[in-house]
Amino acid sequence: IIRKMKNIEIQGIYTHFSTADEPDKEYAFQQFNIFNKIVKKVKIMDIDIPFFHTANSSALIELPATRLNLVRPGCAIYGLYPSYESRQKIQLYPALSFKTNISFIKKVKKGSYIGYGRTYKTKKQTLVGTLPVGYADGYPRLLSNQGIVLVRGKSVPVIGRVCMDQTMIDITDIEGVSIGDEVTLWGEQSENTMRIESIAEMLHTIVDEVVHLTDKGRVAKLFIKDGKPWKIKNMLGEYVINEK
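Scope of this entry: the structure provided in the associated data block.

1. Some thoughts on helix α1 (residues 26–44)
1) Next: Between its first and last C-alpha, α1 extends 27 Å over 19 residues, near the 27 Å set by a 1.5 Å rise per residue.
2) Next: Of the positions making up α1, those classed as buried are Ala-28, Gln-31, Phe-32, Phe-35, Val-39 and Val-42. The buried residues of α1 occupy an angular sector of 100° when the element is viewed end-on, so they sit on one face. Turned more than 90 degrees off the buried face of α1, the exposed positions are Glu-26, Ile-34, Lys-37, Lys-40, Lys-41 and Ile-44.
3) Next: Contacts made by the buried residues of α1 are with β1 (12–14) and β2 (51–53).
4) Next: Of the residues trailing α1, Asp-46 is marked for its positive phi of about 60°.

Below is the structure:
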């Protein structure tokens, strides 16, 4: 019926795997076999369709037979692993980071409560850093008392509950720490990395959801091109800052 429509040009045929990112690939191969039967029928009917594609990031990395003549990598383009198994197959480098700066530092006594609900109590005199970022910016409240961030290349814990606009961290052991220091919520800093996959595991979700958490107007985006700042996107719009 579609072939008889004069204004329709068929460019491709595809399916999408629902379990390619799981250890058991049996169902993915079932889907692939069904797809191949349909493709065979299409060819028997002498319908010219140039492109056949099935492979998302997981299948691209783990199921080579599914690559056909086009592939559809998603999270892998951003240097993110779609599954634990895929980490054994290929080395990927994260293409994005989520960063902020320390806005306030306060020394508190042993036995002090931090944050809403008094969910964290200091075990010793503690140097607390406040970050001007919270769940309204895409840093999940579920990371309260379990998140890890990077300060001066070292890992430090989130303490207390993540607020709407602020998050507290324990910077007691960071030598020379000061207001304005860059804090990496996820991404690379110095020789250390807080991978989005680790965040996803803490949240019991997938990397795709974590990446989209910061897709908010209030979170400014800095795009890097050829190793240099290229464009800024914020609540006021998009601005190219380096044409070259």
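The discussion continues.
2. Things to note about the sheet that holds strand β7 (residues 126–131)
What holds strands together in a sheet is hydrogen bonding between their backbones, with the strands either parallel or antiparallel.
1) Next: Strand order in the open sheet made by the three strands is β4-β7-β10, with antiparallel pairing throughout. Looking at strand neighbours, the two that pair on one side only are β4 (104–108) and β10 (167–170), the edges of this open sheet. Each strand axis lies, on average, 30° off the axis of its neighbour in the sheet, ignoring direction.
2) Next: Pairing of β4 with β7 involves five bridges; the strand directions are antiparallel. Bridge assignment links Lys-107 to a residue of β7, and that residue is Leu-127.

Cut-off values and rules
- Residues numbered from 1 in each chain as written.
- Predicted model: local features only at pLDDT ≥ 70, side-chain atom pairs only at ≥ 80, totals over all residues.
- Heavy atoms only, no water.
- Helix = DSSP H or I, 4+ residues; strand = E, 2+ residues; numbered from the N terminus.
- Expected span 1.5 Å × (residues − 1).
- Buried < 20%, exposed > 50% of the residue type's maximum accessible area, 1.4 Å probe, protein only.
- Arc of directions from axis to C-beta.
- Contact = heavy atoms within 4.5 Å.
- Pairing = 2+ DSSP bridges.
- Axes fitted to C-alpha atoms, helices over the stretch in contact; angles between N-to-C directions.

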